[in-house]
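Now for the letters of each chain:
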Amino acid sequence: MSAVPLVVLVGPMGVGKSTVGQLLAEQLGVGYRDTDEDVVAAQGRSIAEIFVDEGEPAFRAIEKRAVHKALADHDGVLALGGGAILDQETRALLAGLRVVYLSIDVEEAVRRTGLNAARPLLAGNPRKQWRELMEARRHLYEQIATAVVSTDGRTPEEVTQVALDALELKEA
Ligand code: S3P
């Protein structure tokens with residue numbers, strides 16, 4: 001099947017891409033897909049296990065394949081793992097699509113993700129790691145976004161509504 005996602009969600013870990021993505025898909029009457037889940041399903045092991053077994057570069061290669069496949073055959077809402085946009089070819093594929101960057105304040109992100117062992121990149125000092133990740137990535141998220149939606153102080157339902165308004169997409 002060949003298709004193009006109706007909406008792609010990007011943004012850092014803990015911003016709520018899965019929750020908002022599912023709400024957005026419901027509102028739009030389309031399917032929801034998450035590239036982290038595609039990676040886990042294809043590999044039969046968790047993301048943390050892939051990092052431990054093979055390291056980050058191998059994970060990025062696996063992730064890139066999953067993202068390119070999903071971008072080519074999913075026509076609903078697609079959430080990308082937080083680091084997927086580090087890949088230049090992936091960013092090129094996102095050009096011309098509706099891409100929503102969900103942004104979040106650092107303290108709020110650390111509260112949401114800090115103690116989550118499933119996120120290997122935040123191991124050790126989550127606040128420091130998160131800050132460094134955002135310094136390296138913020139401009140990339142901004143570069144590819146067609147809409148930037150802040151999640152600070154908003155419920156997932158509110159974020160979904162702001163995203164719908166920003167995209168001028170009608171609910172189903
Ligand atoms: C990562 C984000 C995670 C997952 C992996 C690496 C990152 O996805 O892909 O742990 O580099 O930011 P979520 O953003 O869905 O948590």
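Let me sum up the structure you'll find in this document. Nothing here was measured: the structure is a model prediction, and the numbers come from that model.

1. Section: helix H8 (residues 156-167)
The α-helix advances 3.6 residues per turn, and as a result positions three or four apart in sequence lie on the same side. For H8, which comprises 12 residues, the first-to-last C-alpha distance of 16 Å matches the rise-based estimate of 16 Å (1.5 Å per residue) to within 8%. Taken together, the buried positions of H8 are Val 159, Thr 160, Ala 163, Leu 164 and Leu 167. The buried residues of H8 all sit within an arc of 135 degrees when viewed along its axis, so they share a single face. Of the exposed residues in H8, the ones pointing more than 90 degrees away from its buried face are Glu 157 and Asp 165. Those residues of H8 hidden inside the fold are in contact with strand E1 (7-10), helix H1 (17-28), strand E4 (99-103) and strand E5 (147-150). Within two residues after H8, Glu 168 carries a phi angle of roughly 55 degrees, on the positive side.

2. Details of the layout of surface pockets
Over the atoms rolls a probe the size of a water molecule, and its path tells where empty space is left. In this structure, the largest pocket occupies an estimated 490 Å³ of space. Of all elements in the fold, only H1, helix H2 (35-43), helix H3 (47-54) and helix H4 (56-73) reach the threshold of two or more residues within the lining of the largest pocket. Among the residues making up the lining of the largest pocket, the classes are represented as 12 nonpolar, 8 polar and 8 charged.

3. Concerning the packing of aromatic side chains
The description of two aromatic rings rests on the distance between their centres and on the angle between their planes. Counted under the stated rule, the structure contains 2 aromatic pairs. When the ring of Phe 51 is compared with that of Phe 59, the centres are 4.9 Å apart and the planes differ by 35 degrees; the resulting orientation is tilted. Assessed through its relative accessible area of 15%, Phe 51 is described here as buried. Accessibility expressed as a relative area gives 3% for Phe 59, which makes it buried. Both rings, one in Tyr 101 and one in Tyr 141, keep their centres 5.0 Å apart while their planes meet at 20 degrees; by these two values the pair is stacked. Taken together, the residues span a long stretch of sequence, with Tyr 101 in strand E4 and Tyr 141 in helix H7 (residues 126-144) at a distance of 40 residues.

Rules and cut-offs
- Residues numbered from 1 in each chain as written.
- Predicted model: local features only at pLDDT ≥ 70, side-chain atom pairs only at ≥ 80, totals over all residues.
- Heavy atoms only, no water.
- Helix = DSSP H or I, 4+ residues; strand = E, 2+ residues; numbered from the N terminus.
- Expected span 1.5 Å × (residues − 1).
- Buried < 20%, exposed > 50% of the residue type's maximum accessible area, 1.4 Å probe, protein only.
- Arc of directions from axis to C-beta.
- Contact = heavy atoms within 4.5 Å.
- 1 Å grid on protein atoms, 1.4 Å probe; cavity = no way out; pocket = protein on both sides within 12 Å on 5 of 7 lines; lining within 4 Å.
- Points joined across faces, edges and corners; volume = space filled by probe spheres on them.
- Nonpolar A, V, L, I, M, F, W, Y, C, P; charged D, E, K, R; others polar.
- Phe/Tyr/Trp six-rings, centres within 6.5 Å; stacked < 30°, edge-to-face > 60°.

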